[in-house]
Amino acid sequence: GDHRDLHLSIRRQRQMCIRDRLISDRYENTLIVSTLTAMIGVPISVGLGIMAAMFPGTIYDRFLTLGSVTLVAAPEFFTATLMVLFVVFFLGIGNAVVVGSIEDKNLVELITHFILPIATLCLVIAAQLIRMTRAAVLNVMNSPYIEMAILKGIPRRRVVMRHALLNAIGPIVNVIAINLAYVVTGVIVIEVYFGYAGLATLIVQGVQTRDYILIQTLGMIFCATYVILMMIADLASILSNPRLRHPK
């Protein structure tokens, strides 16, 4: 009986060490993709949304609105399939399946390694960010002080960048945090589609092998990531809005 208990204890410790190693390696991979997606996708999406708010009702605005609505309606695997068809088969860049590690790779190999999952995730988050940025800026543009600035003859671009954007930054930051939380915790379809070794594929493997401890651990990691990002968004909203810092 004592030998059996000792054997079970050693087995459990060995399984825990394997899980810790798997989670640490996969978390690093997911963090790399999420960081690159945020660095590339968020500034471009916010910039396009601001440009659409500067020229509402124009062809440029209608094109961005139609494109963002289309991306929202399209599921992730459909967007990923289109990216594979365009990038791999038409342009001949990258691979349909992400293989190998990022170690011992030059710049060109790193680009081909990450181009498809990052481009797909950028399109997914751009669908929401462009629309919400445009809506938040246009909502502030209807304020009386903005109308007064326009009547004074201040250029619309200056009004948007110096007055409207600062007051619309709160809702924009909340949308950015929600999309980044989705990138970290909700990319199961993308990672499985491209065969990328991240946390999402690890939780799928845990479901297949019925490893409940692994599933619970990853669920706690996802929840903690979401809560931290939302706390950062709330703090950014408070710091950007003086009315929230100094209530009446």
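Residues numbered from 1 in each chain as written. Predicted model: local features only at pLDDT ≥ 70, side-chain atom pairs only at ≥ 80, totals over all residues. Heavy atoms only, no water.

Peer 1: Summarise the overall build of the protein; cite the residues concerned and give the values.
Peer 2: The number of helices and strands found in the protein is 10 helices and 0 strands. For the protein, the N- to C-terminal ordering of α and β elements is α-α-α-α-α-α-α-α-α-α. Residues classed as buried in the protein amount to 35% of the 248 residues present. In the protein, once contacts between residues fewer than 6 apart in sequence are set aside, the share between residues at least 24 apart is 70%. When the accessible surface of the protein is summed, it comes to about 15,100 Å², and 68% of that surface belongs to carbon and sulfur atoms. (Helix = DSSP H or I, 4+ residues; strand = E, 2+ residues; numbered from the N terminus. Buried < 20%, exposed > 50% of the residue type's maximum accessible area, 1.4 Å probe, protein only. Contact = heavy atoms within 4.5 Å. Areas by Shrake-Rupley, 256 points an atom, 1.4 Å probe, with all protein chains shown as cover.)

Peer 1: Hey, could you go over the pattern of salt bridges for me, with residue numbers and the actual values?
Peer 2: Considering all chains together, one arrives at 1 salt bridge under this definition. R134 is the partner of D61 in a salt bridge, and the nearest nitrogen-oxygen pair spans 2.7 Å. One end of the pair, D61, is in helix 2 (residues 59-73); the other, R134, is in helix 4 (residues 107-141), with 73 residues separating them in the sequence. Residue class for R134 comes out partly exposed when judged on its relative accessible area of 24%. (Salt bridge = Lys/Arg side-chain N within 4 Å of Asp/Glu carboxyl O.)

Peer 1: Tell me about the side chain of S68, and name the residues and values.
Peer 2: Structurally, S68 is set in helix 2. Residue classification places S68 among the buried positions, given a relative accessible area of 2%. With residues up to four places along the chain from it excluded, the contact list for S68 reads A127, I130 and R131.

Peer 1: How would you sum up the confidence of the model for the protein? Please name residues and give values.
Peer 2: Mean pLDDT over the protein works out to 76, with 80% of the residues at or above the 70 mark. Between the elements of the protein, mean pLDDT differs from a low of 65, seen in helix 10 (residues 242-245), to a high of 83, seen in helix 2. (pLDDT = per-residue confidence, 0-100.)

Peer 1: Any details on helix 3 (residues 76-90)? Residues and values, ideally.
Peer 2: Between its first and last C-alpha, helix 3 extends 20 Å over 15 residues, near the 21 Å set by a 1.5 Å rise per residue. T79, A80, M83, V84, V87 and V88 are the residues of helix 3 that are buried. Looking one or two places after helix 3, you find G92, whose phi comes out positive at around 70°. (Expected span 1.5 Å × (residues − 1).)

Peer 1: Give a detailed account of the nonpolar core, specifying residues and quantitative values.
Peer 2: Of all hydrophobic cores here, the largest spans 39 residues; its most connected members are L116, V137, M141 and I172. Of all elements in the fold, only helix 1 (2-54), helix 3, helix 4, helix 5 (144-151), helix 6 (156-185) and helix 7 (188-194) reach the threshold of two or more residues within this core. Take this core: its biggest share by element is 12 residues, from helix 4. Contact partners of M141, with chain neighbours within four places excluded, come to I146, E147, I150, R156, V159, V160 and A164. (Core = buried A, V, L, I, M, F, W, Y, C linked by side-chain atoms within 4.5 Å.)

Peer 1: Can you break down the side chain of T133 residue by residue, with the values?
Peer 2: Assignment of secondary structure puts T133 in helix 4. T133 sits in the buried class, given a relative accessible area of 1%. Among all residues touching T133, those that are not within four sequence positions of it are V46, G49, I50 and I172.

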